[in-house]
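Architecture and fold: a report
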Amino acid sequence: MADNTMLGNGVVGILSESSNKWERRVPLTPSHCARLLRSGRGKTGVARIIVQPSTKRIHHDALYEEVGCEISEDLSECGLILGVKQPKLEMIFPHRAYAFFSHTHKAQKENMPLLDKILDVRASLYDYELIVGDHGKRLLAFGKYAGRAGLIDFLHGLGMRYLSLGYSTPFLSLGASYMYSSLAAAKAAVISVGEEIAAHGLPPGICPLVFVFTGSGNVSLGAQEIFKLLPHTFVDPSRLPELFGKAKDPTQSARTSKRVFQVYGCVTTSQHMVQHKDPTKEFDKADYYAHPENYSPIFHEKIAPYASVIVNCMYWEKRFPPLLTAQQLQDLMRKGCPLLGISDITCDIGGSLEFVNQTTSIDSPFFRYDPFNDSYHHDMEGKGVICASVDILPTEFAKEASKHFGDILSEFIGSLASTTDITELPAHLRRACIAHGGAVTTLFEYIPRMRNSDSEKLPETLANCHSNKKYNILVSLSGHLFDQFLINEALDIIEAAGGSFHLVKCQVGQSANAMSYSELEVGADDNAVLHQIIDSLMSLANPSENDGFLSKETNKISLKVGKVVERGNMMELVDKEKPGVLILGAGRVCQPVAEVLTTAGSVSSRQLFKMCQESDFEGQSDIQVIVASLYLKDAEEIIEGLPNATAIQLDVMDHENLHKYISQVEVVISLLPPSCHFIVANACIELKKHLVTASYIDDSMSKLDERAKGAGITILGEMGLDPGIDHMMAMMMIDQAHVQGGKIRSFISYCGGLPSPEAANNPLAYKFSWNPAGAIQSGRNPATYRSHGETVSINGESLYDSAVSFRIPDLPAFALEILPNRNSLVYGDLYGIDHEASTIFRGTLRYEGFAEIMGTLARIGFFDTEAHPILTLTKRPTFGAFLLELLKIKSEDFDGTMTAEDIKERILALGLCKVQVTALKTAKTILYLGFHEQTEIPVSCRSAFDVACLRMEERLAYSSEEQDMVLLHHEVEVEFPDGRPVEKHRATLLEFGKTKNGKTTTAMAFTVGIPAAIGALLILEKKIKTRGVLRPIEPQVYVPALDILQAYGLKLLEKTE
């Protein structure tokens, strides 16, 4: 039979799935095949069914043979070939029809070779995802099975996680979904768990156990179906605080010491996740989908604080606010949030849950995220939340999922198997046909147009500026762009006027009810033509009542336009004549980095570089700098007034755009949180671009060493202050000693970020320019160091007590003290002195008296992170009442006033401090922080630690006129084998914050940012030859870097005795 007669021949093929070892689903079960074959071709349109053999399919080959199917690897006789996932390209035959989940209708790059093959052989492609009923919902989907399997898997993990936390629960007896022979068997196991909970209850320490479900679609309904098998009560989102108030209030009859015999559920939708920025406006779903920029996220404030488990089932796009960021999660956990885990059934990596950055597998479904260290672990032990993000959940119930799917698909098979003319198909099938006869169908004409607009398809000279037109503008379209043909109309308008377009972003709605979103860069050679295009698009967005079907609400689109940019201005972003640096992150450190790089080619900078004594550093000609931030406004503020700089909006999780911008530069500087560096580093390796960071090099980054070498790039980490300048100063002193034949007998390093003396105007002599939680917690970390050959270990509870007074000989006016800083011994190996130094110590500097006050506050209980009973009551206590609670003073014994002397005496009486002077200093600190005030403590505070952080953040902040200070000091003792006397070397860096042209740059930002910028300059100048992952401990880095640092005004004071 000739190929061109295959289409519509009534022969159906079923592919053997090859995309994933766990994929056991089938589009049609043996029962479906039996009905289709027994009814005959005249009735069903199906004459034969040929099934590719498979040993892992949920239904064995023999079952298909028994009902009349043929088993054969060869499907060349089939006119219609069915699968679940995309087949291998060699299985695409000419003039056939194919039906599977193709993932091509968004013009996804990774699947364009598949679409090209289908077009090339003139095959037809039907996508299950696009078969939509009259109700606007997808007819073929596995959503409920994803929800069912996802929640069962999570309950299974919940039992293991609770056990690691010291709780035995009925969940421990539950298996993963795939371990059960059927959905019914799995449900029976869940029911058994529920009966155990109803009979014996759950431990009070984990209650109330609240499951928050996001979204109300099939995925959420499937998850809720499993949840409802447990004894449960659903709670409205607005009543969550009340639920927690009752559960934790010791005055209620149901005391927390009693076991709880049910779990709680809460279903949330977009109205519970955001609120309009204008407080006078109510939430409006249509407005939110059209203009998400007008809404602020509230889920982390209103819902997440009360969730034990978040079951994420909602549809999300990058233009919407995230459900939960890593920083929000850290804040929640710090405040005692009961969140234990997240079941991300949507498996939207880098999506609504920022910290879910990886998929997991059915056989290893969990990872643990520690928000305090921003680290990922594949175990159930330790701090943080467990996360499940399996992307193939429905196949765990392959039998039931296949039956459900086939029940619906089998109704369409006859039409698909017997039709040669797609115009004769029912509307819902016709609209699901992406390609036919060698071309995309009318509805999907936007796919090749979008692909043709891609920068990769443009000539090289134009690729980076996207448009060869003189005038360009960014246009955002949202609405029913694809299901109502409106995207094609918009593109017609642009092309008819002689304009061009480049697709910047595209998000296609998952159903006919869901809106889609696209960003286009529209260009024209004439400004008037460009404005004509915009006017026409405005008409499309705002049709008149006489425009027929376009006047219907469902056919409207929303339009937003940016500013017209001339091509000359756009070229600043991509001028290949200049070296380029991409800075990721627009926080405080970014400003000095951008300033150094953008002025590197200036006359004054060149003069600075000529002053460098130890290197032949010339300085770059003009460097073009791209500052990228998640929020464009932040990036624009950074580059204001800087030459050769461009601000862009960029989400580092947006793989396509991240690669686009990295490809345009020679060096990337990542100032993002450490968890993002791995993503950026992988992109840099792939694109062969160098990377600089100021963060510690962790294990995940270290493992990239060989790949970076293979790509011929340098990943320079720890290029900041601490780590960074401390490394460079240390290695300068150590290498100089070794060159002279000496050995390091003692290495001591101190560093601290402090208020300048005039700003140290409070009892603690300390201030915060960021959230104080990290600084407080660092004072509770254990420490290890070596002193005169003995290893000394200090537990976290005793750290403040270990502080000792210290004076820098060359700065005697500074009354300081030193706290041991974590594990100093690792620096022995790093600096190559482990076998020669009898003393290795790294410490944190504070003003004298800080540690004794903080230690006393800790003993009082101010830094306890456990939820405090008085803070869980419905009625909020005052700060004063909470202070009485901590000092164990009964309210009836208190006359309403409290002096520093009163507090001092109480501290002494409780044995929390033995020194009267220290007790009085602590009392004055308590009053300074306002712990005695009779104002209510906010509901967000659930622990003493929360209260302390809140008060310190409010009362110990820098004013706009105050400056910070950075002090770094090294002391090295060198002994010589030839009898020369022992030498003592000192090196000190002292830097203060600066205000220039109304902009304040903190000393911390300056001393972290300048080294990072210098790292990029050294790479651009080809001064760093080493490839792979490295620290600034090699002479090729630290010699010129220290030289340039001093040229920029960072003075290193060196002395030898």
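The coordinates are above.
Let me begin by describing the structure that accompanies this report. (Residues numbered from 1 in each chain as written. Predicted model: local features only at pLDDT ≥ 70, side-chain atom pairs only at ≥ 80, totals over all residues. Heavy atoms only, no water.)

**Focus on the overall build of the chain**
For the chain, the count of helices and strands is 35 helices and 41 strands. The long-range fraction of contacts in the chain, counting pairs at least 24 apart against all pairs at least 6 apart in sequence, stands at 72%. Of the accessible surface of the chain, which amounts to about 43,400 Å², a share of 51% is contributed by carbon and sulfur atoms. (Helix = DSSP H or I, 4+ residues; strand = E, 2+ residues; numbered from the N terminus. Contact = heavy atoms within 4.5 Å. Areas by Shrake-Rupley, 256 points an atom, 1.4 Å probe, with all protein chains shown as cover.)

**Observations concerning the sheet that holds strand β14 (residues 366–370)**
Taken in spatial order, the eight strands line up as β8-β9-β7-β12-β13-β16-β14-β15 in an open sheet, and their pairing is mixed. If you trace the sheet from one side to the other, it starts and ends with β8 (232–234) and β15 (375–377), each paired once. Geometrically, the sheet is characterised by an average inter-axis angle of 20° between neighbouring strands, direction not taken into account. With five bridges connecting them, strand β7 (residues 210–214) and strand β9 (residues 263–268) associate as parallel partners. Bridging from a neighbouring strand, F211 pairs with G265 of β9. Against the sheet, helix α7 (residues 218–227) touches β7, β8, β9 and β12 (309–312), its axis set at about 160° to β7. (Pairing = 2+ DSSP bridges. Axes fitted to C-alpha atoms, helices over the stretch in contact; angles between N-to-C directions.)

**A few points about unusual backbone geometry**
Put simply, C207 and P208 share a cis peptide bond, and its omega is 0°. Locating P208 in the fold gives a position in the loop between α6 (183–200) and β7. A positive phi is found at E718, a non-glycine position, where the angle reads about 55°. Turning to its location among the elements, E718 is positioned in the loop between β29 (714–716) and α26 (725–739). Positive phi, close to 55°, is recorded for A765, a residue that is not glycine. On the secondary structure map, A765 appears in the loop between β30 (743–755) and α27 (773–778). With relative accessibility at 13%, the residue A765 sits in the buried group. (Buried < 20%, exposed > 50% of the residue type's maximum accessible area, 1.4 Å probe, protein only.)

**Notes on helix α12 (residues 398–418)**
Compared with an ideal rise of 1.5 Å per residue, which puts 21 residues at 30 Å, α12 spans 28 Å between its outermost C-alpha atoms and is within 8% of the ideal. Largest kink in α12: about 40°, centred on F412. (Expected span 1.5 Å × (residues − 1). Bend = angle between axes of the 7 residues up to and from the residue.)

**Quick word on the packing of aromatic side chains**
For the coordinates displayed, the defined rule picks out 29 aromatic pairs. Taking the centre distance of 5.7 Å and the plane angle of 50° together, the rings of F367 and Y376 count as tilted. With a relative accessible area of 0%, F367 lands in the buried category. Residue Y376 is classed as partly exposed on the basis of its relative accessible area of 23%. Between F747 and Y831, the ring centres sit 5.4 Å apart and the planes meet at 75°, which makes this aromatic pair edge-to-face. (Phe/Tyr/Trp six-rings, centres within 6.5 Å; stacked < 30°, edge-to-face > 60°.)

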